[in-house]
Amino acid sequence: MRFTRTKAVIATAGLALSLAACGNAGEDSEGVDVQADENAASSFDDGTRMKEIADAGTINVGVKFDQPGLGFNETGSDMPTGFDVDIAKILVASLGIDPDDTSKVKYVETISDNREPFLQEGKVDLVLASYSITDERRQVVGQTGPYMLTGQQLLVPEDSDAEGPEDLQGKEVCSVTGSTSLENAKAQGMKPVGFDTYSQCVDKVLDGTVEAMTTDGTILAGYAAQNEGQLKVVGDPFSEERIGVGYSKDYPEMCQWINDTLEKANEDGTWAEAFEANLGASGVETPDFPELDPCE
């Protein structure tokens, strides 16, 4: 497939705030319906990881379970929902595996702090878990994409006067351990506090233990929607977060397959359908498909 580079746009505060007003931000979405490619096994070269997975007919994918609209699984079922999950389904289907068959696809809860270890140890084949692409992470795992662009913002109590990082100088602000958000918060003059999961962080904002939570605006929007009247998203984005797909550095050939599959999903409209199904309930305009990083 020809690799096309397209114009990228960054999700803005308006996107996050629109999502925050839309109810449950994709929590109840059934997502996209993608069919397994029956000819997948014969389309990959022998010796590639894609061929091995396609022949085995099984795959493990790391996703978040506590991010409404992105990766969410409150019920404890085998099938989480969200935009990250739907992008994972598109990739799985291109390997000839039914992404809705949980006897063949295991969606593994993956918190921010274990994304690299899970890939390095082979516990998962792919990670799609609000996974920001960074040079540091690319030293230890493969990352490509992005399939979504967003920016870091703040989630505060509804009655808070804070409107941005300038109002929280020296104040405790939480995010998840292992995320880039903690580093960015410190650089902005806030005092970062790490927790294992986003839901723990949200609870600390709700009970007043910390002043605010910070991470990608799309993630915060889902929590604001869940806690309507109690929490709100504030401030303009103060970072650019390029959300991509993680894979093992042992299999560099996966990069071009991922990019080609994402590009195809853009061309046939499946990417936009997934965004709208999970993050567009408020009627917010679907952004342009991001520019993909080239594979080495």
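Presented here is an overview of the structure given in this document. Remember, it's a predicted structure, so these values are computed and weren't measured experimentally. Within each chain, residues carry numbers counting from 1 in the order of the written sequence. For a predicted model such as this one, the threshold for reporting local features is a pLDDT of at least 70, and the threshold for listing and counting side-chain atom pairs is 80 or more; totals across whole chains, interfaces and linings nevertheless cover every residue. Based on all heavy atoms of the structure, the side-chain values leave hydrogens and waters out of the count.

Within the open sheet, the five strands sit side by side as β9-β8-β10-β7-β11. Their pairing is mixed. Either end of the sheet is taken by a strand with one partner, and the two such strands are β9 (191–195) and β11 (231–234). Between one strand and the next, the sheet's axes are offset by a mean angle of 35°, whatever the strand orientation. Strands were regarded as paired on the criterion that DSSP finds at least two bridges between them. Only DSSP runs of H or I reaching four residues or more are called helices, and only runs of E reaching two or more are called strands; each is numbered from the N terminus. The pairing of strand β7 (residues 152–157) with strand β10 (residues 212–216) spans four bridges and is antiparallel. Bridging from a neighbouring strand, Gln152 pairs with Asp216 of β10. The contact criterion used throughout is that any non-hydrogen atoms of two residues lie within 4.5 Å. Simply put, an axis is a line fit to the C-alpha atoms, just over the touching stretch for a helix, and the angle between two N-to-C directions goes from 0 to 180 degrees. Of the strands in this sheet, β7, β8 (172–176), β9 and β10 touch helix α6 (residues 180–187), which is tilted by about 165° from β9.

Where charged atoms from two side chains of opposite charge approach closely, those side chains can pair. Put simply, a salt bridge is a Lys or Arg side-chain nitrogen that is within 4 Å of an Asp or Glu carboxyl oxygen. Per the stated rule, a full pass over the model turns up nine salt bridges. Between Arg49 and Asp125 there is a salt bridge; the shortest N-O distance is 2.7 Å. Of this pair, Arg49 sits in helix α3 (residues 49–56) while Asp125 sits in the loop between α5 (115–120) and β5 (126–132), and the two are 76 residues apart along the sequence. The closest approach of N and O atoms between Glu121 and Lys123, which form a salt bridge, is 3.5 Å. According to the relative accessible area criterion, Glu121 is exposed, its value standing at 52%. Looking at Lys123, the relative accessible area reads 45%, which means it is partly exposed. Three exposure classes are used, based on accessible area relative to the maximum for each residue type with a 1.4 Å probe and protein chains only: buried under 20%, partly exposed in between, and exposed over 50%.

We now examine helix α10 (residues 270–279). Three or more residues of α10 are buried, namely Thr270, Trp271, Ala274, Phe275, Asn278 and Leu279. Seen from one end, α10 has its buried residues packed into an arc of 140°, which puts them on one side. This arc describes the spread of directions from the helix axis toward the C-beta atoms.

Before going further, it helps to spend a moment on the packing of aromatic side chains. Within 6.5 Å between ring centres, the rings of Phe, Tyr and Trp (the latter by its six-membered ring) count as paired, and their orientation is classed by plane angle as stacked under 30 degrees, edge-to-face over 60, tilted in between. If you walk through the whole model with that rule in mind, you get five aromatic pairs. Feature note: the residues Phe83, Tyr147, Trp271, Phe275 and Phe289 constitute an aromatic cluster, connected by ring pairs. Whether a charge sits over a ring comes down to the Lys NZ or Arg CZ being within 6 Å of the ring centre and within 35 degrees of the ring normal. Its end group placed over the ring of Tyr251, Arg49 keeps NZ or CZ at 5.3 Å from the ring centre.

With that settled, consider a negative patch on the surface. Each patch groups residues whose relative accessible area exceeds 30% and which form no salt bridge, using 9 Å between like charges and 5 Å between nonpolar side chains of Val, Leu, Ile, Met, Phe, Trp and Tyr. For accessible areas, the Shrake-Rupley method is used with a probe of radius 1.4 Å. Any residue's cover is judged against the shown protein chains and nothing else. Asp and Glu count as negative and Lys and Arg as positive, but His and the ends of the chain are not part of the count. Working definition for charges: the position is that of NZ of Lys, CZ of Arg, CG of Asp or CD of Glu. On the surface, Glu158, Asp159, Asp161, Glu163, Glu166 and Asp167 cluster together to form a negatively charged patch. By the element assignment, Glu166 lies in the loop between β7 and β8. Take Glu166: its relative accessible area is 53%, and that puts it in the exposed class.

Attention shifts here to the sheet that holds strand β6 (residues 142–150). The five strands lie next to each other as β4-β1-β5-β12-β6, forming an open sheet whose pairing is mixed. Every other strand in the sheet has two partners, leaving β4 (105–109) and β6 as the edge strands with one partner each. The sheet shows a mean angle of 25° between the axes of neighbouring strands, taken without regard to direction. Alignment of strand β1 (residues 59–63) against β4, held across five bridges, turns out to be parallel.

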